[in-house]
Amino acid sequence: MAQSAAPLRSLRQRSSKAVVDLVTVDIGGTHARFALASVSPDGAIELGEPVTLHTSDHASFQTAWEDYATRRGGSLPRDCAIAIAGPVGGDVIRFTNNPWIIRPALIPEKLGVDRFTLVNDFGAVGHAAARAPDDQFVHLCGPEGALPAEGTLSIVGPGTGLGVAHVWRDGAGGYRVQATEGGHIAFAPLDSIEEAILARLRQRHSRVSVERVVAGPGIVDIYETLAAMEGRAISPLDDRTIWQLGASGEDSLAAAAVDRFCLALGSVAGDIALAQGASAVVIAGGLGLRIKDSLLASGFADRFRAKGRFETLMAGLPVKLITHPQPGLFGAAAAFVQEHLS
């Protein structure tokens, strides 16, 4: 999918109609990813090679933009799409994990652009799920085949937090994305191990959301709960280490924690699909892609279907994992297309 600037120029030369070039950006707490995107007359999107900048290395989004412009030779297209890890409404956009502030009204002046789109980062993932080709999905469970062209796609994305969105598709190529705060619904344990995980988390949180369990950092509490249940004395490990040990199979307790995470994610994804009236489910997020093999080998599918009277309904829903390497950048560009070019 990623391309250099030269193929983007050649795409423009091949078309007799106008091709729209834009800068697409995906801003998180730690990194800001930039790429050039090219939108052909038929609406197809091609991404250039992404450049990742550390937010801590730049005083503001504007200085990061200027750094990227310098790396690109000094000039950039006058259209841009920006995915932001947080709410995008209001006069001032603040970030949780970095000191940047964006004032949407000043974007044209500060960045030198004519048109721009702001989208929540997981809303951008929803756009990516709606637009990505079939070969950028891995089948996890349910009926084989392409995602349905009509109905609701539930998007569930474990990462640093748990992103949740839904995409409604009209069957004729049109769609609408709704980002939500579904990652903050209450966690519902289904067995004694999950009850022990919940009890541990309640020692620190008056209310335990699903994000506390089925987002990347949640693996620490799962791992430590399993150790306590077995009476094991363990050294404190961070979430990255547990994921590495569990995915590689080097540590049997870490591997059990990863498997338990996949079970819980299956339950949560099924609950969200029921709540949203989904016709299919897409698992997204950087962590989702990294644990692909674990999801396939775990009881994720069984837990997804285990909805009592609705088990037959759940078995009929396709569940896929998006494998696009830059869904935030691609999705932000797709949001721009929908807002300005459709």
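The sections below set out a description of the structure shown in this document. (Residues numbered from 1 in each chain as written. Predicted model: local features only at pLDDT ≥ 70, side-chain atom pairs only at ≥ 80, totals over all residues. Heavy atoms only, no water.)

### Things to note about the overall build of the protein
Counting its secondary structure elements, the protein contains 13 helices and 15 strands. Compactness check: the protein gives a C-alpha radius of gyration of 21 Å against a globular reference of 20 Å for 342 residues, within 12% of the reference. With respect to the three principal axes, the spread of C-alpha positions in the protein is 65 × 45 × 35 Å. For the protein, the residues scored as buried account for 49% of the 342 residues in total. A separation threshold of at least 6 residues defines the contact pool for the protein, and within that pool the share at least 24 residues apart is 67%. Accessible surface, the protein as shown: approximately 15,600 Å² in total, 48% of it carbon and sulfur. Distance between charge centroids for the protein: 3 Å, based on 30 positive and 36 negative side chains. (Helix = DSSP H or I, 4+ residues; strand = E, 2+ residues; numbered from the N terminus. Rg over C-alpha atoms; globule rule 2.2 N^0.38 Å. Buried < 20%, exposed > 50% of the residue type's maximum accessible area, 1.4 Å probe, protein only. Contact = heavy atoms within 4.5 Å. Areas by Shrake-Rupley, 256 points an atom, 1.4 Å probe, with all protein chains shown as cover. Lys, Arg positive; Asp, Glu negative; His and termini not counted. Charge placed at Lys NZ, Arg CZ, Asp CG, Glu CD.)

### Observations concerning the side chain of Ser-267
On the secondary structure map, Ser-267 appears in helix α8 (residues 252-276). Residue classification places Ser-267 among the buried positions, given a relative accessible area of 7%. For Ser-267, the contacting residues outside a window of four places in its chain are Leu-190, Arg-303, Phe-304 and Lys-307.

### Considering the packing of aromatic side chains
For the coordinates displayed, the defined rule picks out 8 aromatic pairs. Measuring from centroid to centroid gives 6.1 Å for Phe-61 and Trp-65, while their planes differ by 75°, and the two rings are edge-to-face. Linking Phe-61 with Trp-65, this pair stays in helix α2 (residues 61-71), spanning 4 residues, or about one helical turn. Among the residues examined, Trp-65 registers a relative accessible area of 5% and is labelled buried. Here the aromatic rings of Phe-95 and Trp-100 are separated by 6.4 Å at their centres, their planes lie at 90°, and the arrangement is edge-to-face. Residue Phe-95 is classed as buried on the basis of its relative accessible area of 9%. Cluster of aromatic residues (ring-pair linked, three or more members): Phe-34, Phe-61, Trp-65, Tyr-68, Phe-95 and Trp-100. (Phe/Tyr/Trp six-rings, centres within 6.5 Å; stacked < 30°, edge-to-face > 60°.)

### Let's talk about the side chain of Gln-276
Structurally, the position occupied by Gln-276 is in helix α8. Separated by 2.6 Å, the side chains of Gln-276 and Ser-154 make a polar contact. Not counting residues within four places of it along the chain, the set of residues in contact with Gln-276 comprises Thr-152, Ser-154, Val-164, Ala-165, His-166 and Thr-180. (Polar contact = N/O pair within 3.5 Å; in protein donor to acceptor, adjacent residues only side chain to side chain.)

### As for helix α7 (residues 239-248)
Along α7, the residues classified as buried are Ile-242, Trp-243, Leu-245 and Gly-246. Of the surrounding elements, those touching the buried residues of α7 are α6 (218-229), α8 and α9 (286-290). Positive phi shows up at Gly-249, right after α7, with a value of about 80°.

### Side note on the pattern of salt bridges
Per the counting criterion, the structure on display carries 13 salt bridges. Residues Arg-204 and Asp-221 are paired through a salt bridge, measuring 2.9 Å at the closest nitrogen-oxygen approach. Here Asp-221 lies in helix α6 and Arg-204 lies in the loop between α5 (192-202) and α6, a separation of 17 residues in the sequence. One salt bridge in this structure joins Arg-305 and Asp-302, with 2.6 Å as the shortest N-O distance. Of the two residues, Arg-305 and Asp-302 are both situated in helix α11 (residues 300-305); the distance of 3 residues between them amounts to about one turn of the helix. In the salt-bridge network here, residues are joined through shared partners; they are Asp-191, Glu-194, Arg-260 and Arg-303. (Salt bridge = Lys/Arg side-chain N within 4 Å of Asp/Glu carboxyl O.)

### Structural notes on the sheet that holds strand β11 (residues 150-158)
As summarised here, the arrangement of the 6 strands in space is β10-β15-β14-β11-β12-β13, forming an open sheet in which the pairing is mixed. Single-partner strands in this sheet number two, and they are β10 (137-141) and β13 (175-180). Across the sheet, the mean angle separating the axes of adjacent strands is 25° when strand polarity is ignored. As judged from the 4 bridges shared by β11 and strand β14 (residues 280-283), these two strands associate in the parallel manner. (Pairing = 2+ DSSP bridges. Axes fitted to C-alpha atoms, helices over the stretch in contact; angles between N-to-C directions.)

### Looking at the layout of surface pockets
Counted as a void, the second largest pocket has a volume near 280 Å³. In this structure, the second largest pocket is lined by 20 residues; those nearest its centre are Ala-130, Arg-131, Gly-173, Gly-174 and Tyr-175. Those elements giving two or more residues to the lining of the second largest pocket turn out to be α4 (121-131), β13 and α13 (327-341). Its residues assigned to classes, the lining of the second largest pocket shows 11 nonpolar, 5 polar and 4 charged. (1 Å grid on protein atoms, 1.4 Å probe; cavity = no way out; pocket = protein on both sides within 12 Å on 5 of 7 lines; lining within 4 Å. Points joined across faces, edges and corners; volume = space filled by probe spheres on them. Nonpolar A, V, L, I, M, F, W, Y, C, P; charged D, E, K, R; others polar.)

### A short note on a nonpolar patch on the surface
On the surface, a cluster of nonpolar side chains totalling about 260 Å² of accessible area is made up of Leu-274, Phe-310 and Leu-313. Summarising the element assignment, Phe-310 is placed in the loop between α11 and α12 (311-315). Note on Phe-310: relative accessible area 43%, which makes it partly exposed. (Patch = residues over 30% accessible without salt bridge, like charges linked within 9 Å, V, L, I, M, F, W, Y side chains within 5 Å.)

### Points about the nonpolar core
Val-214, Phe-261, Ile-283, Phe-300 and Phe-304 are the most contacted members of the largest nonpolar core, which totals 47 residues. In terms of residue count, α8 provides more of this core than any other element does, 12 residues in total. Among all residues touching Val-214, those that are not within four sequence positions of it are Pro-158, Leu-162, Phe-261, Ala-264, Leu-265 and Val-268. Core analysis: the second largest hydrophobic core is formed by 36 residues, Val-119, Phe-122, Val-167 and Phe-336 among them. (Core = buried A, V, L, I, M, F, W, Y, C linked by side-chain atoms within 4.5 Å.)

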